[in-house]
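Residues per chain are reported as follows:
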Amino acid sequence: MNRSPFLSVEEARDRICADVAQLPGERVDLASASGRTLAEAVVAPRAQPPFDASAMDGYALATSGEGATAGREFNLRGEAAAGHPFTASLSTGDAVRIFTGAPLPAGADTILIQEDAEPCADERIAATALATPGRWIRALGCDFAAGDRLIEAGKVLGASDLMLVAAAGFAEVTVTRRPRIAILATGDELVPPGSTPAPGQIFSSVPAGLAALVTHFGGVPDTLGIAGDSFAELDAKLARAGDANVVLTIGGASVGDHDLVHSGLQRAGAALDFWKIAMRPGKPLMFARRDRQVFLGLPGNPVSGIVCARIFLVPLIARLLGRAPATSDVVRLPLAAPRPANGPREHYMRATIEMTDTGERRVRVAADQDSSLMTVLARADALVRTPPGACETEAGTLVDVLPLDF
């Protein structure tokens, strides 16, 4: 067990995500697959379209590859509609009335759109404009061929992905099982929202934010309520989290003689890895493991807890889901106003992204960064990363920005 007093944010994140295996896959129908993470690549069993098809209403012509010039006449042999193909073969000089999406009859090579055709006597039609071979024909496999890898594993499935899966003929898809994230608040000072607090008590707020974050990033939250400051309550609550992939505790994340969370995790069989990181807000972040189960002890301050979850829990969920690694969540934006100098810990400052009159984005750091102020967090839509020991930074300087997109 490493008892180094402080870790960098990067090292802490690497330790938390190390040796985390992707969860197993499960089959779900397409109606249930939106927002899920694809566990197996989707491979096309057949081509799309599975035949040469007309892209327009008009006439399919057999021209032996010559096309049709204005005035050329063709013998009309029948009709082809979507789902109702013309099954006979055409000879040169023949035509079939055809509608959008219908298979091209055998022998046909040209589409004469209906605006460029006129009827003649004796079941014949004439071209009134040039018709070029191949134009207005959607060739077999022009969208995808049999054996094409349509979507790779790790993709978060959206509407266009599911349309593609359906077009390949699949009614179900294999997605990664969602990780279960248990959330446990601790402390005698907390009461559930909707109850009546006694003197000295406050409402427990962090679980609501964590549950929303977990859901947004693909996990399933399981709120375990509040454990008061007793070993019996803590042990009973932790016992309910036995099959969770990740257990989040809120409060009591530091390690001391009277720390209940640390002792509770030890009694539950978890091995403590670290409990201090060089970060603001969120220095007291506890990390422990029990076999494949991960424990994150988040700070009790509301802003500290949610910021730590954004920095450390989100990549952990992504690893459990097997999502394709993003290049980076961080974007670079210019400061709207000067940023103050920083101390020895990496600081994630609440901020808002603005648009200038010229349509350019910039970021403004909130004036008050107290880690208990949830109103500032609610108004923020980004975190500005400030390196340790950074000097005061002038307006217009490009800085690292992490969107708060949950």
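Residues numbered from 1 in each chain as written. Predicted model: local features only at pLDDT ≥ 70, side-chain atom pairs only at ≥ 80, totals over all residues. Heavy atoms only, no water.

A. Region of the structure containing the overall build of the protein chain. Of the regular secondary structure elements, the protein chain holds seven helices and 26 strands. In terms of C-alpha radius of gyration, the protein chain reaches 31 Å, well past the compact-globule figure of 22 Å for 406 residues. Seen along its three principal axes, the alpha-carbon backbone of the protein chain occupies a region of about 100 × 50 × 40 Å. The contacts of the protein chain with a sequence gap of at least 6 include a subset with a gap of at least 24, amounting to 71%. Roughly 19200 Å² of accessible area belongs to the protein chain as shown, and the carbon and sulfur atoms make up 52% of that amount. (Helix = DSSP H or I, 4+ residues; strand = E, 2+ residues; numbered from the N terminus. Rg over C-alpha atoms; globule rule 2.2 N^0.38 Å. Contact = heavy atoms within 4.5 Å. Areas by Shrake-Rupley, 256 points an atom, 1.4 Å probe, with all protein chains shown as cover.)

B. Structural context of the sheet that holds strand S17 (residues 246–250). In spatial order, the strands read S16-S13-S17-S21-S20-S18; together these six strands make up an open sheet with mixed pairing. Because the sheet does not close on itself, it has two edges, and the strands there are strand S16 (220–227) and strand S18 (271–274). Taken over all neighbouring pairs, the strand axes of this sheet differ in orientation by 20° on average, direction set aside. In this sheet, S17 lies alongside strand S13 (residues 180–186) in parallel orientation, the contact comprising five bridges. Bridge pairing in S17 places Leu-184 opposite Thr-249. (Pairing = 2+ DSSP bridges. Axes fitted to C-alpha atoms, helices over the stretch in contact; angles between N-to-C directions.)

C. Layout of helix H1 (residues 9–17). Among the residues of H1, those classed as buried are Val-9, Ala-12, Arg-15, Ile-16 and Cys-17. In this fold, the buried residues of H1 make contact with S18, strand S19 (279–280), strand S20 (286–290), strand S21 (293–298), helix H6 (302–321) and strand S23 (346–355). Remark: Asp-19 follows H1 within two positions and exhibits a positive phi of approximately 60°. (Buried < 20%, exposed > 50% of the residue type's maximum accessible area, 1.4 Å probe, protein only.)

D. Structural view of the pairing of strand S4 (residues 58–61). Where S4 lies against strand S6 (residues 94–98), four bridges are found, and the strand directions are antiparallel. By the bridge assignment for S6, Ala-60 is matched with Val-96. By the bridge criterion, four bridges tie S4 to strand S7 (residues 110–113) in an arrangement that is antiparallel. Bridge pairing in S7 links Leu-61 to Thr-110.

E. Broad picture of the pattern of salt bridges. Tallied over the entire structure, the rule returns 19 salt bridges. With its nearest N and O atoms 2.6 Å apart, the salt bridge here joins Asp-235 to Arg-267. Here Asp-235 is found in helix H4 (residues 231–239), whereas its partner Arg-267 is found in helix H5 (residues 260–267), with 32 residues between them in sequence. Glu-354 is paired through a salt bridge with Arg-362; the nearest N and O atoms lie 3.0 Å apart. Classification of Arg-362 as partly exposed rests on a relative accessible area of 28%. Where salt bridges share partners, they join Arg-332, Glu-346, Arg-385 and Asp-400 into one cluster. (Salt bridge = Lys/Arg side-chain N within 4 Å of Asp/Glu carboxyl O.)

F. Looking closely at the sheet that holds S6. The six strands lie next to each other as S7-S4-S6-S5-S9-S8, forming an open sheet whose pairing is mixed. Of all strands in the sheet, those with a lone pairing partner are S7 and strand S8 (117–120), marking the two edges. On average, adjacent strands in this sheet sit at an angle of 40° to one another, irrespective of strand direction. Looking at chain direction, S8 and strand S9 (residues 124–127) are connected through four bridges and run antiparallel. If you follow Cys-120 over to S9, its bridge partner there is Arg-124.

G. Structural view of the environment of Asp-188. Here Asp-188 shows up in the loop between S13 and strand S14 (190–191). Sequence-wise, Asp-188 and Gln-201 are 13 residues apart; in three dimensions their C-alpha atoms are separated by 7.7 Å. The contact partners of Asp-188, leaving out residues within four places of it in the chain, are Gln-201, Gly-228 and Asp-229.

H. Representation of helix H3 (residues 206–216) in the model. Turning to H3, its buried residues are Val-206, Pro-207, Leu-210, Ala-211, Leu-213 and Val-214. Looking straight down H3, one finds its buried side chains confined to an arc of 165°; they lie on one side. Against the buried residues of H3 lie S13, S16, S17, S21 and H6. (Arc of directions from axis to C-beta.)

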